[in-house]
Amino acid sequence: MFNRNVLYFAIMLGLIVLVGQTQSWNVALTITNLCIISAVMALGVNIQWGYAGLFNVGIMGFAAMGGLAAMIISVSPVQEAWSAGGVGVLVSLVLAAITIVAAVFTYRALEGKSFRLLALFIVVLAGSWAVRAFLDPATAAIEKVNPASTGYLGGLGLPIILAWPVGGIFAGAAAWVVGKITLGLRADYLAIATLGISEIIVAVLKHEDWLTRGVKNVTGLPRPVPYEVDLQQTQWFLDLCAQLGANPVTFSSIFVKLCYMVLFASVLLIILWFSEKALRSPWGRMMRAIRDNEVSASAMGKNIKSRHLQVFVLGSIVVGIAGAMLTTLDGQLTPSTYQPLRFTFLIWVMVIVGGSGNNWGAVLGGFVIWFFWIEAEPLGLWLMELITSGMAEDSALRAHLIESAAHMRLMTMGIILLLALRFSPRGLIPERN
Amino acid sequence: MDNILNALALMANFVFVPAIAYGSQLALGALGVTIVFGILRFSNFAHGDTMALGTMCTILITWWFQSMGISFGPLPTALLALPFAIVICSAFVLVSDRVVYRFYRKQKADPVIYLIASVGVMFVFNGIVRFIIGPDDQNFADGERFIIKAREFKRLTGLSEGISIKVSQGITVVTMIVVVALLFWFLNKTRTGKSMRAYSDNEDLALLSGINPDKVVAVTWIIAAALATIAGTLYGLDKSFKPFTYFQLLLPIFAAAIVGGLGNPLGAIAGGFVIAFSEILVTYAYKKFAGYLMPEDWKADGLIQLLSTDYKFAVSFVILLLVLLFRPTGIFKGTGV
Amino acid sequence: MSFLTGEGMTGGYGGADILHDCTISVDKGEIAVIVGPNGAGKSTAMKAVFGMLQIHTGRVVLDGEDITSLSPQDRVAKGMAFVPQTSNVFPSMSVEENLEMGAFLRRDDIQETMDQVFDLFPILKDKRAQNAGELSGGQRQQVAVGRALMTKPSLLMLDEPTAGVSPIVMDELFDRIIEVAQTGISILMVEQNARQALNIADKGYVLVQGRNRFTDTGKALMNDPEVRRSFLGG
């Protein structure tokens, strides 16, 4: 069994090497880096689904929380914007916190009273009015500050690596709120609720310009690794190139990607190590016992809901870390790129194909599916050209088919998911019992 | 007095009419979700993309009719295309049942497995739609645009605020009423409809009574496909057709079905209107409305809008969470907790 | 040969056998009752007769025809009707609709049968438009039995029909069951209330651990000192 698993990873490595040889090493490394990030995300989802059977359809939102963290941690603050509206934003945040506390207090204190909901409604309405009274003018002022280049508060100007754990915390906090409400109900409800929260998180990123510049994007996030142009002027790097006989321009780009790879791979290995430890610990055994038989587990006095909340938050933290890593690699926060098909459902395909319940399976799934997601486009295009080669050059159908090849990968992913679920429901590397 | 009438006309024009139309569309969508849930016992994530698929069929047939010079007078040609589109969409959905869901039914698989399978079907349907018609906006409404124009209304009533009702809105409401009446007649009065309710109520006993499960399931899918095609076409006529929008409709539609109580058709309709009215009431800017009702010298600064329209999804979501918190079975009791 | 015979039935739900060479039979218009301690395989024996459980040895014969390999649905078509112990009605459908669903396979006019059921259970006629889920436990059992009778069965099988109903309702139900038997329908019943059930039984089966322990007429079993001591509480 073990040998077969090693073989899978060897084949994967072989495919990447093949891309390196035939396309370019730059492409191969780009794919590898994204494969690693996908693997981390798949690990997070596997913690929720594989360990506990929780169906999270909001992966996109938790990844976006990570992306937000990357931006907030790394970008330097915009002083002018802070002086224009910083106080207002902070005051409104405090007011929002007070409103929540007051709402919870009202709800608890009026237990059994008939006007409980009305009172709650009034508290929330008054609170939101107060928040808006401070937030709206503040954000308007912030967004007026040099809108073409800033128009937002900026961030904290800290090293971006710090954003990875912070992204995990952001995602975990969002997961806690959703989980608190929907866990313990039918799996369908958790699915819908997570779908909803992820849409809302992305909507906030897209529309709150004072925070994220919205669709204007925040570009040029500082890197955790050197810049190509700097490398090309560094003596030791030029010496290294001379030694290897490589072109400094090409090699600098490869070198940067290798640096990223080392960072990402370390994170992947650390999380993988913890996941494996957790899975084998009494905690992991208990989680699986709950997953396999909720009734008997609850009869044994296990508090299923709070266990599920734990595992849901943990998994989301891992997704948040991966989301922060992705934004770090991109070097920019582009809210409009958060698409559910790419960020939620693709990750699901990874977990199902790889092997739910098995961490190595999730990692393999992350690699395999990302690889084919990227390579499906050239493959699809090639296939379409082959199919349409008999048609006339100017045929409208041919043009349409070639143009539509890009959409083929959605269908391909759907078919892969359905085939895996039906014929290999335990995945490439099945769960060990 | 005029001010009050103007304020009411304003509300009717910008809140009431759009919310009724949007609510009807959501109700039809939620009915599809709730019926699949009641009979097959899973939340069908592919429903939004089934709507897109059905609407795409309508659009293609509409274009074909238009190219042959067939039209429906003042009404949109799409209405003529609708029955054909329903047949094609049903065929797609029945095939998806045959190659995907039937296997899990025989296995008596866990509902969450169906859920994942429906995600796969969603991908495939989405791919088909984008492959055939592309990811962009398509406008396919033709015929008259308005039943009443704001200008005519103003002329007739002498008010300074007008009410306009689009043909698409009128069609939406009329179609919704007809479809819902037909559906309830079918479920409550016909043998097949009753057998579906029996199957949804108590599957084992239905089997003992000799009800054929394959037939029930097939009829369910056809109804779901028909509802999806109608809801999608009406939404497309009223706004516009864009595949991704239909995926995003999944959230308000599910919220409507859950708010009403999953598996309960009446609840789905009520839920659709609850969601639509909340969404529009919360995101409507009341500045002008307040202007009519408040004293002359009082002038609102800002839009007096509770929530920007960018966050209209948040409204469905919050209502969904509130219902799950306080009444997980929905307003009307559903079958699933 | 009796009207219905389950002969030498041996089998279980896939794992170990639960029934061991168990034989049950009912004649036309007769009431047969299966009693025994908890876990004796009473309901299992009935399910084996109905085909909800695979038996690997033995056979089931109805009216001279071997039906061992038929599915429960096919057995319904052959004239068997089964009333499960729990969830035996369609809760969100009216009483009348419940009865209609019972007659789903019939293509002829069902009004006459429905009138007969209403004659048997007059309360159901009053509540015909009410949802079955809103009825009391005893009334729900009446709906369940009525639903089963709608197929015009020749054999009615009841799995603990009096579970969870009050003693008064129980007596009433037993009276109705006797009335049903008098119309010529054979009745096979599993009962927890052994004493009352044996009272109305033409034939009684005491099962222990999936085997026939005592088989006799209801009266004889009631008078058998060993049966009384072990199973009827003295």
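As the structure is a prediction and not an experimental result, all values here were calculated from the model.

Criteria and cut-off values
Residues numbered from 1 in each chain as written. Chains lettered and ligands numbered in written order. Predicted model: local features only at pLDDT ≥ 70, side-chain atom pairs only at ≥ 80, totals over all residues. Heavy atoms only, no water. Contact = heavy atoms within 4.5 Å. Buried area = accessible area lost by both parts, 1.4 Å probe. Salt bridge = Lys/Arg side-chain N within 4 Å of Asp/Glu carboxyl O. Polar contact = N/O pair within 3.5 Å; in protein donor to acceptor, adjacent residues only side chain to side chain. Patch = residues over 30% accessible without salt bridge, like charges linked within 9 Å, V, L, I, M, F, W, Y side chains within 5 Å. Areas by Shrake-Rupley, 256 points an atom, 1.4 Å probe, with all protein chains shown as cover. Helix = DSSP H or I, 4+ residues; strand = E, 2+ residues; numbered from the N terminus. Buried < 20%, exposed > 50% of the residue type's maximum accessible area, 1.4 Å probe, protein only. Nonpolar A, V, L, I, M, F, W, Y, C, P; charged D, E, K, R; others polar. Core = buried A, V, L, I, M, F, W, Y, C linked by side-chain atoms within 4.5 Å. Lys, Arg positive; Asp, Glu negative; His and termini not counted. Charge placed at Lys NZ, Arg CZ, Asp CG, Glu CD. Axes fitted to C-alpha atoms, helices over the stretch in contact; angles between N-to-C directions. Parallel < 35°, antiparallel > 145°, perpendicular 65-115°, else oblique. Left-handed = near helix turned anticlockwise from the far one by under 90°. Pairing = 2+ DSSP bridges. 1 Å grid on protein atoms, 1.4 Å probe; cavity = no way out; pocket = protein on both sides within 12 Å on 5 of 7 lines; lining within 4 Å. Points joined across faces, edges and corners; volume = space filled by probe spheres on them. Domains from an automatic or database assignment. Phe/Tyr/Trp six-rings, centres within 6.5 Å; stacked < 30°, edge-to-face > 60°. Lys NZ or Arg CZ within 6 Å of the ring centre and 35° of its normal.

### With respect to the interface of chain A and chain B
Across the contact, 48 residues belong to chain A and 52 residues belong to chain B. Roughly 4400 Å² is buried in total at the junction of chain A and chain B, and carbon and sulfur atoms are behind 79% of that figure. In terms of surface lost to chain B, no three residues of chain A exceed Tyr-189, Ile-192 and Arg-422 of chain A, which account for 15% of the buried area on that side. The interface formed by chain A and chain B holds 0 salt bridges in total. Inspection of the chain A/chain B interface yields 7 residue pairs in polar contact (both at pLDDT 80 or more).

### Thoughts on a nonpolar patch on the surface
A contiguous nonpolar patch, built from Phe-115, Leu-118, Phe-121, Ile-122 and Leu-125 of chain A together with Leu-306 of chain B and spanning about 610 Å² of accessible area, is present on the exposed surface. Secondary-structure assignment places Leu-306 of chain B in the loop between helix H13 (287–293) and helix H14 (312–326). What makes Leu-306 of chain B partly exposed here is its relative accessible area of 46%.

### Quick look at the pattern of salt bridges
Counted by the stated rule, this structure contains 21 salt bridges over all chains. Through salt bridges that share partners, Arg-288, Arg-291, Asp-292 and Glu-431 of chain A make up one connected network.

### Considerations on the interface of chain C and chain B
If you look at the interface, chain C gives 21 residues, while chain B gives 15 residues. Buried surface at the junction of chain C and chain B, summed over both partners, amounts to about 1700 Å²; 56% is from carbon and sulfur atoms. Here chain C is connected to chain B by 2 salt bridges. Of the charged contacts, one joins Arg-197 of chain B and Glu-97 of chain C as a salt bridge, the two residues approaching to 2.8 Å between their closest N and O atoms. Between the two partners, chain C and chain B, sit 7 residue pairs in polar contact (both at pLDDT 80 or more). Put simply, the parts of the chain that give the side of chain C that touches chain B at least two residues each are helix H2 (72–77) and helix H3 (95–102) of chain C. For the side of chain C that touches chain B, the per-class residue count stands at 11 nonpolar, 5 polar and 5 charged.

### Some words on the nonpolar core
Grouped together as the largest cluster of nonpolar side chains are 282 residues, with contacts concentrated most on Leu-4 and Leu-188 of chain C. Core analysis: the next-biggest nonpolar cluster, separate from the first, contains 46 residues, Val-35, Ile-110, Met-114 and Ala-132 of chain C among them.

### Examining a negative patch on the surface
Where like charges cluster on the molecular surface, the negative patch consists of Asp-109, Glu-112, Asp-115 and Asp-119 of chain C. Its place among the elements puts Glu-112 of chain C in helix H4 (residues 111–120).

### As for the packing of helix H6 (residues 167–189) of chain B against helix H12 (residues 265–283) of chain B
All names here are of chain B. Put simply, H6 and H12 touch, their axes get as near as 11 Å, and they point 160° apart. With respect to each other, H6 and H12 are oriented roughly antiparallel. Between H6 and H12 the crossing geometry is left-handed. Side by side, H6 and H12 meet where Met-176, Val-180, Phe-184 and Leu-187 of the first sit next to Pro-265, Leu-266, Ile-269 and Phe-273 of the second.

### Observations concerning the sheet that holds strand S3 (residues 31–35) of chain C
Strand-to-strand pairing in sheets goes through backbone hydrogen bonds, with the strands running parallel or antiparallel. Residue and element names in this part refer to chain C. Here 6 strands make up an open sheet; going across it, the order is S6-S7-S8-S3-S9-S10 and the pairing mixed. The outermost strands of the open sheet, each flanked by one partner alone, are strand S6 (80–83) and strand S10 (211–216). On average, each strand axis in the sheet is tilted by 15° relative to the strand beside it, whichever way the strands run. In terms of strand pairing, strand S7 (residues 155–159) meets strand S8 (residues 186–190) through 5 bridges, oriented parallel. Bridge assignment links Leu-155 to a residue of S8, and that residue is Ser-186. Sheet strands touched by helix H1 (residues 42–50): S3, S6, S7, S8 and strand S9 (203–208). Its angle to S7, the strand with the most contacts, is close to 150°.

### A short note on the sheet that holds strand S5 (residues 65–66) of chain C
Residues and elements named next belong to chain C. The strand order across the open sheet built from 4 strands is S2-S1-S4-S5, with neighbouring strands paired in antiparallel fashion. Each edge of the sheet is formed by a strand with only one pairing partner; in this case those strands are strand S2 (19–26) and S5. Bridge analysis of strand S4 (residues 55–62) against S5 gives 2 bridges, and the strand direction is antiparallel. Looking across to S5, one finds that Leu-62 is bridged to Glu-65.

### Topic: the layout of surface pockets
One number sums up the size of the second largest pocket: a volume of about 1000 Å³. As for the second largest pocket, its lining consists of 38 residues, and the residues nearest its centre are Trp-49, Gly-53 and Arg-291 of chain A together with Asp-110 and Val-112 of chain B. Every element with two or more residues in the lining of the second largest pocket is listed here: helix H2 (25–52), helix H7 (187–207), helix H12 (282–292), helix H14 (304–330) and helix H18 (408–423) of chain A together with helix H3 (78–107) and helix H4 (111–133) of chain B. Considering each element in turn, the lining of the second largest pocket owes the most residues, 4 residues, to H4 of chain B.

### Observations regarding the domain arrangement of chain A
When the parts of a complex come together, some accessible area is lost, and that lost area is often used as the size of the interface. Residues and elements named next belong to chain A. One can read the domain layout of chain A as domain 1 (2–77 + 154–423) and domain 2 (78–153). The C-alpha centroid of domain 2 is placed 33 Å from the C-alpha centroid of domain 1. Listed by partner, the interface residues are 12 residues for domain 1 and 15 residues for domain 2. Together domain 1 and domain 2 conceal approximately 980 Å² of surface at their shared face, both sides included; 56% is due to carbon and sulfur atoms. Its largest share of buried area at the contact with domain 2, domain 1 owes to Pro-77, Trp-210 and Arg-213, together 64% of the area lost on that side. Joining domain 1 to domain 2, the criterion identifies 0 salt bridges. Connecting domain 1 to domain 2 are 7 residue pairs in polar contact (both at pLDDT 80 or more). Per-class residue counts for the side of domain 1 that touches domain 2 are 6 nonpolar, 3 polar and 3 charged.

### Things to note about unusual backbone geometry
All names here are of chain C. Phi is positive for Asp-21, which is not a glycine, with a value near 50°. Structurally, Asp-21 is set in strand S2. Owing to a relative accessible area of 51%, Asp-21 belongs among the exposed residues under this scheme. Here Lys-152, not a glycine, exhibits a phi torsion of approximately 50°, which is positive. Residue classification places Lys-152 among the exposed residues on the basis of a relative accessible area of 52%.

### As for H12 of chain A
For H12 of chain A, the set of buried residues is Gly-284, Met-286, Met-287, Arg-288 and Ile-290 of chain A. On its buried face, H12 of chain A is in contact with H2, helix H11 (248–280), helix H13 (294–299) and H14 of chain A.

### Examining the packing of aromatic side chains
In this description, a pair of aromatic rings is defined by centroid distance and the angle of the planes. Taken as a whole and assessed by the stated rule, the structure comprises 36 aromatic pairs over all chains. Relative to Phe-312 of chain A, the ring of Phe-62 of chain A lies with its centre 6.1 Å away and its plane at 90°, an arrangement referred to as edge-to-face. Of this pair, Phe-62 of chain A sits in helix H3 (residues 59–74) while Phe-312 of chain A is found in helix H14, placing the two residues 250 residues apart along the sequence. The exposure class assigned to Phe-62 of chain A is buried, which follows from its relative accessible area of 0%. According to the relative accessible area criterion, Phe-312 of chain A is buried, its value standing at 0%. An angle of 35° between the planes, with centres 5.5 Å apart, marks the rings of Phe-45 of chain B and Phe-254 of chain B as tilted. Within this pair, whereas Phe-45 of chain B is found in the loop between helix H1 (2–40) and helix H2 (47–67), its partner Phe-254 of chain B is found in helix H11 (residues 250–260), the two being separated by 209 residues in sequence. Accessibility classification places Phe-45 of chain B together with Phe-254 of chain B in one group, the buried group. Members of the aromatic cluster, each reached through a chain of ring pairs, are Phe-42, Tyr-101, Phe-103, Tyr-104, Tyr-114 and Trp-221 of chain B. The ring of Phe-104 of chain C has Arg-191 of chain B lying over it, and the distance from NZ or CZ to the ring centre is 4.1 Å. In this structure, Lys-28 of chain C packs its charged tip against the face of Phe-3 of chain C, placed 3.8 Å from the ring centre.

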